[in-house]
Amino acid sequence: MRIPPNHPRRESLLLREKIVEGYKRGIVALEGLIAHGRGECFDYLLGEKTHDFAYEAIRAAAAALLLAEYPVLSVNGNTAMLVPSEIVKLARIVNAKIEVNLFYRTREREEAIADWLRKHGATEVLGVGEDASATIPELFSERRRVSPRGILRADVVFVPLEDGDRTEALRRMGKTVIAVDLNPLSRTARAANITIVDNIVRALPILVEEANKLRKADRSMLRRILEGYDNNHVLSRALIAIKNRLERLANSKIVLDIS
Ligand code: ATP
Ligand code: MG
């Protein structure tokens, strides 16, 4: 499909095309298309921009990843399709492992995602096939399989666009969980230690830049960033931002002039 350059929803339509391409490539699951739609809805409410509370969460996320002893970036189909290069860059900067971790796990999709990430510069991708031989307690079936060299061992796990059950299970295992989720009310957003309420396509380049800036910082400074961080306050600001924006819009002229 050709999207006109001046189309008011061009960016959003281009992302949709990417997700659909991911589906055709066997990277994105059918359910991933629905998850993307839910994200779009919240992005609309947030005004499709990175807010100050997201910047604050991104800074805390960079600090947590840099302080981690064994950080792991968990990648699903949507994340692989939308920000493959940024995942590879972030892994390099914070010295993290990359692990494929799917809600709807199939060997074909795992391989397709790992190939796609390697095509974008990843040298090692965990969690494919027999490598995902360990299990997360309390989760059922295929959803609980993880790599013993990856998420199982990790102290800090980065889980963009994750599901609530798994986020909660990772927390109960004592891990520090960093989420990216446009919905401040999802269980993922509410269960994570650090929640970046922003579109992953905007948040990841900023996170890469921030991690790059902070990589030379003292550990004591990174610890101070984390100590000053309050996820409840960040989620609360996200909800207030939505409320204020809707109030402003409701008080202005809503109908379009069509001539
Ligand atoms: P939970 O299981 O955490 O309660 P959920 O069941 O409502 O959440 P899921 O389908 O499990 O939703 O997870 C997808 C989540 O990813 C949604 O909350 C959605 O808002 C979010 N999301 C989708 N696309 C993006 C994106 N591009 N950037 C950030 N978040 C996104
Ligand atoms: Mg869910």
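Bear in mind that the values here come from a model prediction, so they are computed numbers and not experimental data.

## Let's talk about the side chain of arginine 109
Move 1: Secondary-structure assignment places arginine 109 in helix α6 (residues 107-119).
Move 2: Lacking a salt bridge, the buried arginine 109 has glutamate 31 as its closest oppositely charged neighbour, with an N-O distance of 5.6 Å.
Move 3: Within the structure, the side chain of arginine 109 is placed 2.8 Å from the backbone oxygen of tyrosine 104, a separation counted as a polar contact.
Move 4: The contacts of arginine 109, once residues within four sequence positions are left out, are Gly26, Ile27, Val28, Ala29, Leu102 and Tyr104.

## Concerning the nonpolar core
Move 1: Residues Leu90, Phe158 and Ile178 are the most contacted members of the largest nonpolar core, which totals 68 residues.
Move 2: With 12 residues, the single largest contributor to this core is helix α3 (residues 52-67).
Move 3: With near-sequence residues (within four places) excluded, isoleucine 178 lies in contact with Ala61, Ala64, Leu65, Val156, Val157, Phe158, Val159, Ile194 and Ile196.
Move 4: Counting 14 residues, the second-largest nonpolar core is a separate cluster that includes Ile151, Ala154, Val159 and Ala169.

## Re the sheet that holds strand β1 (residues 71-75)
Move 1: Strand order in the open sheet formed by five strands is β2-β1-β5-β6-β7, and the pairing between neighbours is parallel. Each edge of the sheet is formed by a strand with only one pairing partner; in this case those strands are β2 (97-100) and β7 (194-196). Along the sheet, successive strands turn relative to each other by an average axial angle of 20°, direction set aside.
Move 2: Pairing of strand β6 (residues 176-180) with β7, which is carried by three bridges, proceeds in the parallel orientation.

## Focus: the site of ligand 1
Move 1: Surveying the vicinity of ligand 1 reveals 18 residues, the closest of which are Gly164, Asp181, Thr188, Asn199 and Ile200.
Move 2: Arginine 38 places a polar side-chain atom, nitrogen or oxygen, 3.3 Å from an oxygen atom of ligand 1.
Move 3: Contact distances for ligand 1 include 3.1 Å between an oxygen atom and a side-chain N or O atom of aspartate 163.
Move 4: Mapped by element, the contributors of at least two residues to the shell around ligand 1 are α2 (30-46) and α8 (187-191).
Move 5: In terms of residue count, the dominant contributor to the shell around ligand 1 is α2 (four residues).
Move 6: Partitioned by chemical class, the residues of the shell around ligand 1 number five nonpolar, seven polar and six charged.

## A few points about the UniProt feature "binding site: ATP" (unreviewed entry) in the chain
Move 1: With numbering aligned to this structure, UniProt lists the feature "binding site: ATP" (unreviewed entry) at Arg16, Arg38, Asp181, Leu182, Asn183, Arg187, Thr188, Asn199 and Ile200. Separation in sequence by 185 residues is matched in space for these annotated residues, since their most distant C-alpha atoms are 24.3 Å apart.
Move 2: Tracing the backbone through its elements, the reader meets aspartate 181 in the loop between β6 and α8.
Move 3: Dropping the residues within four chain positions of it, aspartate 181 is found in contact with Ser186, Thr188, Ala189, Ile196, Val197 and Asp198.
Move 4: Polar contacts involving the side chain of aspartate 181 include one to the main-chain amide nitrogen of asparagine 183, which spans 2.8 Å.

## Things to note about the packing of α3 against helix α11 (residues 231-250)
Move 1: Taken N-terminus to C-terminus, the directions of α3 and α11 make an angle of 155°; their axes are 9 Å apart at the nearest point. In terms of orientation, α3 lies roughly antiparallel with respect to α11. The way α3 lies across α11 gives a crossing that is left-handed. Of the residues in α11, those in contact with Asp52, Phe53 and Glu56 of α3 are Val234, Arg237, Ala238 and Ala241.
Move 2: Of the residues that constitute the contact of α3 with α11, the class distribution is four nonpolar, no polar and three charged.

Conventions and cut-offs
Residues numbered from 1 in each chain as written. Chains lettered and ligands numbered in written order. Predicted model: local features only at pLDDT ≥ 70, side-chain atom pairs only at ≥ 80, totals over all residues. Heavy atoms only, no water. Helix = DSSP H or I, 4+ residues; strand = E, 2+ residues; numbered from the N terminus. Buried < 20%, exposed > 50% of the residue type's maximum accessible area, 1.4 Å probe, protein only. Lys, Arg positive; Asp, Glu negative; His and termini not counted. Salt bridge = Lys/Arg side-chain N within 4 Å of Asp/Glu carboxyl O. Polar contact = N/O pair within 3.5 Å; in protein donor to acceptor, adjacent residues only side chain to side chain. Contact = heavy atoms within 4.5 Å. Core = buried A, V, L, I, M, F, W, Y, C linked by side-chain atoms within 4.5 Å. Pairing = 2+ DSSP bridges. Axes fitted to C-alpha atoms, helices over the stretch in contact; angles between N-to-C directions. Near = heavy atom within 4 Å. Nonpolar A, V, L, I, M, F, W, Y, C, P; charged D, E, K, R; others polar. UniProt positions renumbered as here; feature names shortened; annotations may be inferred. Parallel < 35°, antiparallel > 145°, perpendicular 65-115°, else oblique. Left-handed = near helix turned anticlockwise from the far one by under 90°.

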